[in-house]
Amino acid sequence: MGLWTLSIAFAIYRSIAERKQQYEENLKIVARISYEKDLLYRKWVSIHGGVYVPITKTFRPNPHLSFIKNRDVITINGDSLTLVNPAFMTRQIYELGKDEYGAIGHLSSLKPINSFNAPNKSEKQALLRFEKGDTLFVTNDTINREVFYTYVRPFITELNCLKCHAQQGYKVGDIRGALFTAVPTKEFLQMKNEEIKSSLKSFLFIWFIGSGLILLVMYNLQKQVKARKIADETIVQRNTALRQLNIDKDRFISILGHDLKNPFNNILGFSEILTGEIEKLNKEEIKDIAGNINKSANITNNLLEDILMWARVQNGNLVFQPHILCLEDIFKNVIEVLRPGAYAKGITISFSNPDQINAYADKDMLKTILLNLVSNAIKFTNNGGAININAQGNPENLIISVSDNGIGMQKEDLSKLFNISEVITTKGTANETGTGLGLLLCKDFVEKHGGKIWVESEFGKGSDFKFTLPFNAETDKVNVAKNVV
């Protein structure tokens, strides 16, 4: 755009300069033609030694030619005639032309016969330059508040001129004066200005057209660049997703290879003992082995359920169906499911929802989140501990927390909890085991609701897992109605 604008600006500058030059040339041509015309008829009169014209009340004999013999004559018809020399005729014609055409002419000399032909300051400057050898003088003069272009050439004394000017001492070849032709510039100036305006309009039109094309090309280029950028970002995102898939795959292999191996080894080992030595075992030993097999099978089953659930979430096969839910009913159901495990360790589980807030969530996902968080709290809480589920609302969202007074976590482990590449599997206070996939499920389910999950924990003082669920218009109405009641 800058180069295009500079190009048009330069073209406008050149155009204006050409118009000004053409203006000067036109004035010079018109003035030269006018001068040559005046010179031509003056020369004709000079060749004939002047012309005789009738003497009238308005045209009297020239007193400055009184020294010429036969200045005045009478025809055979009795008409009185007087001689008009070239200078006198030129002056008469200039006066007539001034009224008719606005052009101005003037004869001037450093030694005038008629004082009327005495030079002004500008004319004297031209005459002095002619004396030094110049042959042309042009200038702009202001006459009666109007600008004129003045064209001047010197008069060279010829033989015919000596009839009137010999008595001044001139000889053939001498410069005896000059003919000043002045052309009014007003019309030429108007024409120049109109041409400049027209040229400016044309160039501005060209500039707008060119600028429009440039902007169109720029717009299309920007679209292409943007599209390419989006494509590049998509490729980067896909590469990142592929890398994450590889990480997930490696993690699955690790889980399948490590976490599934131990319970299966237990099942295989105990089943071999039971199969090979069942006749040697008493009832209590068989019962103990069967219990261990059942425990290992349950661990394996829970692990497979976590893996399958997490895989369904990642593949998008789990349908998200949010509804308005009564939190108290959800809390009671979760506590009921997990009560046996808590009872075995003497742990009490309570819940609080002081404002009786409702949630807008997928029922199965919300239950899965709470089941995982509460079961984790049971796992890492000592015998006789306490767990509390709490719901609290603010203008923006609902905050649900699961807090315990268990063993807590080290600070460096907090950032690893929700990262599949660094899944932590830690034994509980009663040597309970797990895969670490439960917290990943919680994170995915919370994010599907548009919320976020985090943990606040201090080693030896317990943990507080919190997550948010956004409100919607319907839950707002229900919650407001409850508060009013």
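Scroll up a little and you will see the structure.
In this text, all values refer to a predicted model and were calculated from it rather than measured experimentally.

Caption draft 1: View of the nonpolar core. Leu366, Leu370, Leu398, Ile400 and Phe467 are the most contacted members of the largest nonpolar core, which totals 43 residues. At the level of secondary structure, the elements contributing two or more residues to this core comprise helix H8 (327-344), strand E10 (358-362), helix H9 (363-379), strand E11 (386-393), strand E12 (397-404), helix H11 (437-448), strand E13 (453-458) and strand E14 (462-470). Excluding residues that lie within four positions of it along the chain, Leu370 makes contacts with Ile330, Phe331, Val334, Ile389, Ile400, Val402 and Phe467. Tyr35, Ala87, Tyr94 and Leu179 belong to the second-largest nonpolar core, a separate cluster that totals 13 residues.

Caption draft 2: Structural view of the packing of H9 against H11. Running from N to C, H9 and H11 point in directions that differ by 145°, and their axes come no closer than 9 Å. As H9 packs across H11, the resulting crossing turns out to be left-handed. Judged by residue contacts, Met365, Thr368, Ile369, Asn372, Leu373 and Asn376 of H9 engage Gly438, Leu439, Cys442, Phe445, Val446 and Lys448 from H11.

Caption draft 3: Molecular detail of the sheet that holds strand E3 (residues 80-84). With respect to topology, three strands assemble into an open sheet ordered E1-E3-E2, the strand pairing being antiparallel. The open sheet terminates on both sides in strands that have one partner only, identified here as strand E1 (51-54) and strand E2 (72-74). Neighbour to neighbour, the strand axes of the sheet diverge by 35° on average, direction disregarded. Summarising the sheet, E1 and E3 pair through four bridges and their orientation is antiparallel. From the neighbouring strand, Pro54 faces E3, where its bridge partner is Leu81.

Caption draft 4: Just the sheet that holds strand E9 (residues 348-352), in detail. An order of E9-E11-E12-E14-E13 is seen for the five strands of this open sheet, with the pairing classed as mixed. For this open sheet the edge positions go to E9 and E13, each flanked by a neighbour on one side alone. Taking each pair of neighbouring strands and ignoring which way they run, the sheet shows an average axis angle of 15°. Across six bridges, E13 lies against E14 in antiparallel orientation. Counted as the bridge partner of Ile453 is Phe467 from E14. Of the strands in this sheet, E9, E11 and E12 touch H8, which is tilted by about 175° from E9.

About the cut-offs
Residues numbered from 1 in each chain as written. Predicted model: local features only at pLDDT ≥ 70, side-chain atom pairs only at ≥ 80, totals over all residues. Heavy atoms only, no water. Core = buried A, V, L, I, M, F, W, Y, C linked by side-chain atoms within 4.5 Å. Buried < 20%, exposed > 50% of the residue type's maximum accessible area, 1.4 Å probe, protein only. Helix = DSSP H or I, 4+ residues; strand = E, 2+ residues; numbered from the N terminus. Contact = heavy atoms within 4.5 Å. Axes fitted to C-alpha atoms, helices over the stretch in contact; angles between N-to-C directions. Left-handed = near helix turned anticlockwise from the far one by under 90°. Pairing = 2+ DSSP bridges.

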